[in-house]
Amino acid sequence: MERWGPERLDELARLVDRALPQERLTADELLASSWDDPGIVLGTPSGDGAVSAVVRSFGELRIGWVKLIVVAPERQREGVGKALLHTAETWAFDQGASEVQLGGAAPFYLWPGVDVEMLGMLCLAESSGYESVGSEINMALPTEFRAEPPAGVALRRVLDDRDIEAVQTFVSAHWPWWRPELDRGVEQGGCHAAFTVSAHDVVGFACHSVNRSGWIGPMGTDPQRRHAGVGHALLGALCADLMVAHITRAEISWVGPVRFYAKAGARVSRSFRSYRKRR
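Structure report, in brief. Source: prediction; values computed, not measured. (Residues numbered from 1 in each chain as written. Predicted model: local features only at pLDDT ≥ 70, side-chain atom pairs only at ≥ 80, totals over all residues. Heavy atoms only, no water.)

The next thing to look at is the nonpolar core. By size, the foremost hydrophobic cluster in this structure holds 45 residues, and its most contacted members are Leu 12, Leu 30, Leu 68 and Leu 102. Among the elements that line this core, the one with the most residues is helix 3 (residues 80-94), at 7 residues. Among the nonpolar cores identified, the runner-up in size contains 22 residues, and Val 153, Leu 234, Ile 252 and Val 255 belong to it. (Core = buried A, V, L, I, M, F, W, Y, C linked by side-chain atoms within 4.5 Å. Buried < 20%, exposed > 50% of the residue type's maximum accessible area, 1.4 Å probe, protein only. Helix = DSSP H or I, 4+ residues; strand = E, 2+ residues; numbered from the N terminus.)

Below, the structure is given as structure tokens:
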């Protein structure tokens, strides 16, 4: 295996498009996931396989994630994928990781786990000694969805410096682990927030297309203002953005409150298995 730098981006994008055409991953999404988020990209000298991985620290705990593993269709079932995975694991463990997980890698990721329809990857995980430790789902929602904000609340795109600072403070207070995704969403122009009309206090926020085009998340409402319509109004604002971009179906990523999205008309669209391998 050899290390791939961002100069191999177009090559990686072509490889992903051949092996995973249904994912419609763009070069920009691969660049953000594989190189803008410091980690490593390793590939075969012939260019028929590649793997992207990252190690994150949580105090003294270090965890590795395999973000992407892709093999050219004509080279699948020849052991290329297993060799790539083993190389990425070795790198992660050498960086001090106590375990390696497949998918996930929040805040910057391509999938919440291993899609249950990717049979080859499920088999590779099991044959490589990974254990299944849970599951996650995505939900899909037509972008025609709209909802009016409750009385006394106004929505606006987060562009003004004062709004940006207020939303950053709000998210840091309630969900500090979402700050990197929020900051990227603001930078890309895909973040909306809900403010009280009287005091201009932030009571909710929502982002789209942070990691994948058309994917919704993260989003959250002030715990004291839930069940009042703030969240659905923000969801509708995101859907309006996506409709303008000619996206007919929003993908809600790594769903937490299923009932909240189901009330808006969303349905389960994808399921993922979480895998872990300890050192």
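Next up on the list: the environment of Gly 43. Take Gly 43: it is sitting in strand 2 (residues 40-43). For the pair Gly 43 and Ser 128, spaced 85 residues apart in the sequence, the C-alpha separation amounts to 19 Å.

All right, on to helix 3 then. For helix 3, which comprises 15 residues, the first-to-last C-alpha distance of 21 Å matches the rise-based estimate of 21 Å (1.5 Å per residue) to within 8%. Of the surrounding secondary structure, the elements contacted by the buried residues of helix 3 are strand 2, strand 3 (49-58), strand 4 (61-71), strand 5 (99-102), helix 4 (119-127) and strand 13 (267-278). Following helix 3 by one or two positions, Gly 96 adopts a phi angle in the positive range, close to 95 degrees. (Expected span 1.5 Å × (residues − 1). Contact = heavy atoms within 4.5 Å.)

In this section: the packing of helix 1 (residues 9-19) against helix 2 (residues 27-36). Packing of helix 1 against helix 2 brings their axes to within 10 Å, and their N-to-C directions diverge by 110 degrees. In terms of their interaxial angle, helix 1 and helix 2 are classed as roughly perpendicular. In this structure, helix 1 meets helix 2 at a crossing whose hand is right-handed. On the side of helix 1, the interface is formed by Leu 9, Leu 12, Ala 13 and Val 16, while helix 2 contributes Ala 27, Leu 30, Leu 31, Ser 34 and Trp 35. (Axes fitted to C-alpha atoms, helices over the stretch in contact; angles between N-to-C directions. Parallel < 35°, antiparallel > 145°, perpendicular 65-115°, else oblique. Left-handed = near helix turned anticlockwise from the far one by under 90°.)

Here we come to empty space enclosed by the protein. Picture a little ball the size of a water molecule; that probe, rolled over the atoms, points out where space is still empty. Evaluated as defined, the whole model comprises 1 cavity of 30 Å³ or more. Empty space within the largest cavity amounts to approximately 60 Å³. If you trace the largest cavity, you find it lined by Tyr 109, Glu 181, Ser 209, Val 210, Asn 211, Arg 212, Trp 215, Ile 216, Gly 217 and Ser 253. (1 Å grid on protein atoms, 1.4 Å probe; cavity = no way out; pocket = protein on both sides within 12 Å on 5 of 7 lines; lining within 4 Å. Points joined across faces, edges and corners; volume = space filled by probe spheres on them.)

Moving on: unusual backbone geometry. Cis geometry is found at the peptide bond from Ala 106 to Pro 107, where omega equals 15 degrees. Position of Pro 107 among the secondary structure elements: in the loop between strand 5 and strand 6 (114-115). Geometrically, the link from Gly 217 to Pro 218 is a cis peptide bond, its omega value of 0 degrees lying close to zero. Within the secondary structure, Pro 218 sits in strand 11 (residues 215-221).

Further remarks concern the pairing of strand 13. Regular strands place side chains that alternate from one sheet face to the opposite one. Bridge analysis of strand 5 against strand 13 gives 4 bridges, and the strand direction is antiparallel. Each residue of the ladder has a partner; that of Gln 101, found in strand 13, is Arg 276. Pairing analysis gives 2 bridges linking strand 6 to strand 13, with the strands arranged antiparallel. Of the residues in strand 13, the one forming a bridge with Asp 115 is Phe 272. Pairing geometry for strand 7 (residues 131-142) and strand 13, over 9 bridges, is antiparallel. Within the sheet, the bridge partner assigned to Ser 132 lies in strand 13 and is Tyr 275. (Pairing = 2+ DSSP bridges.)

Tracing the sequence through the fold places Thr 221 in strand 11. Those residues within four positions of Thr 221 in sequence are excluded, and the remaining contacts are Phe 170, Trp 175, Val 203, Gly 204, Arg 226, Val 230 and Gly 231.

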